[in-house]
Each structure stands twice: as C-alpha cells, then as structure tokens.
Amino acid sequence: MKNKAIFVTTLVFIFALLLIGYKGYQYGRQVWTQPVLEKSTLYTLPRGERLSDAFGHLVQLTKQQRLVIKIWLKIHPKLALIRAGTYQLDSGYSFSDIAVKLHSGNVYQYHLTLVEGETFAQWWQELKNAPGMKTSNANPIQIAKQLGIESGSLEGLLLPDTYYYTFGSRPKDIIRRAYRAMQNELSQVWQSRKVGLPIKSPYQLLVLASMIEKETGLLNEMPIVSSVFMNRLRRHMRLQSDPTVIYGLGAKFSGDLTWADLKSKTQFNTYVIRGLPPTPIAMPSKLALEAAAHPADTGFYYFVANGTGGHHFSKTLKAHNLAVRKYILKR
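Here is a short report on the structure shown in this document.

## A look at the overall build of the protein
- In terms of regular secondary structure, the protein is built from 13 helices and six strands.
- Taking 2.2 N^0.38 as the reference for a compact globule, 331 residues should give roughly 20 Å; the C-alpha atoms of the protein span a radius of gyration of 33 Å, well beyond that estimate.
- For the protein, the residues scored as buried account for 42% of the 331 residues in total.
- Taking the intrachain contacts of the protein between residues at least 6 apart in sequence as the baseline, contacts between residues at least 24 apart amount to 65%.
- Counting only carbon and sulfur atoms, one obtains 55% of the accessible surface of the protein, whose full area is about 19100 Å².

Structure follows, in structure tokens:
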C-alpha cells in the first residue's frame, strides 16, 4: 500500500510539473506572439547587439517580459541569430515578428530621386543630406578621379533616376552607380544616333542634351529644340542659349537675365562663344539624350518662350523678332 501511495504521489507530482510547464510554455508563447509595437519604426541594429538588447530599445519591457524572453531564447537559441542593418518594423509587431525580421537580413531600402535638369552641385547636397547616408570625407573631384574622369567634373555624367540604398551607404556609392548608368545609356544612344549630326563625340551629345533639358520641359518640344541647335551648329551660328549664360554666371546670377548677363565673358556663355560649352550644364534625362541624338527635321533657327510653358519656333530672324515682340516685349 505504501509503495502504491508513493507511486500515485509521484505521478501526481509529475503531472503537476507537466501542467505547470505546459501552462508556462503557453504563457511564454502568448508573450512572445502578442503585439508589442505601437507604431511603425525604422530600427538600425548595430553589429554585436543582441536580440534581447534590441527588444529593450524598441519596447519598455516589464520584468515578466524580460524573464520570458530570456527563457524563450534559451529554449529556441536559433531565434537569437540576427543580422546588423536597418529594418522596417511595422505597428502591431510581436517579439516573434521582430526576431524573424532581424534574422532575415531583409534590410530597409532607402531611396533618393535625382531629378533631371538639376546640377551636380544640387545633387551633391541632396546626397550628403539623404537619410541613412554615411558622411564621407571624399570630395567630388576625388570621386571623379577615382572614376577615371581626369577633368574632375561630374556635371552631366550621372543619370537621373531613383536610386535605392541601404543604411550606411556613401554618396560616392550612388555616384558610381549613376555614372555607370549614364555611360551605358549614352553609349546606346550614341550608337543609334541619326546620321550626319554636327557633333563629334558622345560627350558633345551629352553637352547638347543638357542644354535641351534646360531649355524645355515639354517632351514633344525636345526634338524640335534639338533641331534648332543642330541647324545653328551646321551654319556655325552661336547657339545663344540662355541656360548656358545662367550656368556660367553661377552664384552671380540675380534671378533675372539682363543684357549685361548676355554679354558676360564666361566659357559657357553661348552668346559669346561659338559651338558648345566645354561641359554639360545639368544632368540630362534619357529623353533629352534621345532628342539630341534624333533631332526633328525642321528649318527652325530660333525659338522664344510663348508664356504658356512652351515655345514659338521661327525659321528667320525677322519672324523671330516679331515673335519676341509678341511674347516677350508686350508681357
């Protein structure tokens, strides 16, 4: 009888332990899987940080939660294998969701849109101030030299686009990608260019495309503007493009183009110099490159803004002067 009583007591004790263990496990699972993040956040996990530390940074942990997390990670040690990086953690995430995300290595992709028609100086400021971007001591001239650009100028040589990057990327990482993208695009456009163009190299095409980009924002006008510049180049006429004057003036430009500005002696002022400027004056889009390589067939040599976002094109100086009086002087 005594042995039987001991056996029954032992069974009851084991059952109680199993029940307590089961209830404890169920409670731990509940704590592990219930939502804890109140709002979405970008979280950067440094190298060497433990999962439990990450939880503490994200959530104000109770003593019970700390104990559960410690025991849970002892039972499931693989859950603690996490990868450094920046992660998008959504509202309603549980400890389990956070652990899975930090284990996945599926880091958040920042993105930056580099807009056509802007200058490299504008892009450089945007790159340096972009979220998640690592500060760097490298300057644009050094970066250009690393890319094999002896002039040190990156103007016009980067393709406008939206670029994705991860936390800790450097401005020069984006510049390298944008440079290679432009080289590929420029090569393709140059190879398919219209026969007989009065330009001698892909770089000259790039310079012309930057002028077209700055002259008009209307896609249907780009090939026509291109035709004007091509017609003038064939006749050795000055290109007389206002954006080249503005670019050459730099910080001296007041915001209103004057007759004195048009006479300014800079290497970019196409009212003064003959032919193309020495470098692009902005970052041209793919469409501007295509327009430079495939100008429309026209007899136009002049154009003037019509006040509605487009331009009026003329074949003769007399017709152009009439258009100027109509669209500019009256206004």
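## Considering the pattern of salt bridges
- Tallying each qualifying case throughout the model produces four salt bridges.
- For Arg170, the salt bridge identified is with Asp173, shortest N-O distance 3.5 Å.
- For Arg170, a relative accessible area of 31% translates into the label partly exposed.
- Among the residues examined, Asp173 registers a relative accessible area of 21% and is labelled partly exposed.
- A single network of salt bridges, built from pairs that share partners, joins Arg170, Asp173 and Arg176.

## Focus on the packing of aromatic side chains
- On inspection of all chains with the given rule, the structure shows 11 aromatic pairs.
- An aromatic cluster is defined as three or more aromatic residues linked by ring pairs; in this entry it consists of Trp32, Phe55, Trp72 and Phe95.
- The side chain of Arg235 reaches across the aromatic face of Tyr301, ending 5.0 Å from its centre.

## Considerations on the layout of surface pockets
- There is about 930 Å³ of room inside the largest pocket.
- Forming the walls of the largest pocket are 29 residues, and the residues nearest its centre are Asp242, Leu262, Tyr271, His320 and Val324.
- If you tally residues by element for the lining of the largest pocket, the top one is helix α13 (residues 317-329), at six residues.
- The volume enclosed by the second largest pocket comes to roughly 220 Å³.
- Together, Arg50, Leu51, Ser52, Leu61, Arg66, Ile69, Lys70, Leu73 and Ala80 line the second largest pocket.
- By residue class, the composition of the lining of the second largest pocket is five nonpolar, one polar and three charged.

## Some points on the nonpolar core
- One finds Leu154, Leu158, Ile175, Ile199, Leu205, Ile212 and Phe229 to be the most contacted residues of the largest nonpolar core, which totals 55 residues.
- Within the residue set of this core, elements represented by two or more residues are β3 (110-114), α5 (120-129), α6 (140-146), β4 (161-165), α7 (171-191), α8 (202-215), α9 (222-234) and α12 (286-293).
- Here this core takes eight residues from α7, the largest share from any one element.
- In contact with Leu205, not counting residues within four places along its chain, are Leu186, Val189, Trp190, Ile199, Leu289, Ala292 and Ala293.
- If you look at the next biggest cluster of nonpolar residues, it comprises 24 residues, including Val31, Phe55, Leu58 and Ala99.

## With respect to unusual backbone geometry
- A positive phi angle, near 60 degrees, is found at His236, a position not held by glycine.
- Relative to the helices and strands, His236 is located in the loop between α9 and α10 (242-249).
- Even without being glycine, Gln240 reaches a positive phi, approximately 50 degrees.
- Tracing the backbone shows Gln240 in the loop between α9 and α10.

## Examining a nonpolar patch on the surface
- A surface patch of nonpolar side chains, amounting to about 280 Å² of accessible area, comprises Leu67, Ile71 and Ile75.
- Along the polypeptide, Leu67 turns up in helix α3 (residues 63-75).

## With respect to the pairing of β3
- Residue alternation in β3 divides its side chains into a buried set, Tyr110, Leu112 and Leu114, and an unburied set, His111 and Thr113.
- Here five bridges tie β3 to β4, and the two strands are oriented antiparallel to one another. Across the sheet, the residue bridging to His111 is Tyr164, located in β4.

## Here's the deal with the packing of helix α2 (residues 51-58) against helix α4 (residues 95-104)
- It is the contact of α2 with α4, at a shortest axis distance of 11 Å, that shows an interaxial angle of 125 degrees. Taken together, the axes of α2 and α4 are oblique relative to one another. For the pair α2 and α4, the crossing hand works out as right-handed. Taking contact as the criterion, the partners of Leu51, Ala54, Phe55 and Leu58 in α2 are, on α4, Phe95, Ile98, Ala99 and Leu102.
- Grouping the constituent residues of the contact of α2 with α4 by class yields eight nonpolar, no polar and no charged.

## What about α8?
- Between its first and last C-alpha atoms α8 spans 20 Å; for 14 residues at 1.5 Å apiece the expected length is 20 Å, and the two agree.
- Counting buried positions along α8 gives 10 out of 14 residues, so the element sits mostly inside the fold.
- Within the span of α8, buried status applies to Leu205, Leu206, Val207, Leu208, Ala209, Ser210, Met211, Ile212, Glu213 and Glu215.

## Concerning the environment of Ala323
- Residue placement: Ala323 occurs in helix α13.
- As for Ala323 and Arg176, which are separated by 147 residues in sequence, their C-alpha atoms are 44 Å apart.

What counts, and at which threshold
- Residues numbered from 1 in each chain as written.
- Predicted model: local features only at pLDDT ≥ 70, side-chain atom pairs only at ≥ 80, totals over all residues.
- Heavy atoms only, no water.
- Helix = DSSP H or I, 4+ residues; strand = E, 2+ residues; numbered from the N terminus.
- Rg over C-alpha atoms; globule rule 2.2 N^0.38 Å.
- Buried < 20%, exposed > 50% of the residue type's maximum accessible area, 1.4 Å probe, protein only.
- Contact = heavy atoms within 4.5 Å.
- Areas by Shrake-Rupley, 256 points an atom, 1.4 Å probe, with all protein chains shown as cover.
- Salt bridge = Lys/Arg side-chain N within 4 Å of Asp/Glu carboxyl O.
- Phe/Tyr/Trp six-rings, centres within 6.5 Å; stacked < 30°, edge-to-face > 60°.
- Lys NZ or Arg CZ within 6 Å of the ring centre and 35° of its normal.
- 1 Å grid on protein atoms, 1.4 Å probe; cavity = no way out; pocket = protein on both sides within 12 Å on 5 of 7 lines; lining within 4 Å.
- Points joined across faces, edges and corners; volume = space filled by probe spheres on them.
- Nonpolar A, V, L, I, M, F, W, Y, C, P; charged D, E, K, R; others polar.
- Core = buried A, V, L, I, M, F, W, Y, C linked by side-chain atoms within 4.5 Å.
- Patch = residues over 30% accessible without salt bridge, like charges linked within 9 Å, V, L, I, M, F, W, Y side chains within 5 Å.
- Pairing = 2+ DSSP bridges.
- Axes fitted to C-alpha atoms, helices over the stretch in contact; angles between N-to-C directions.
- Parallel < 35°, antiparallel > 145°, perpendicular 65-115°, else oblique.
- Left-handed = near helix turned anticlockwise from the far one by under 90°.
- Expected span 1.5 Å × (residues − 1).

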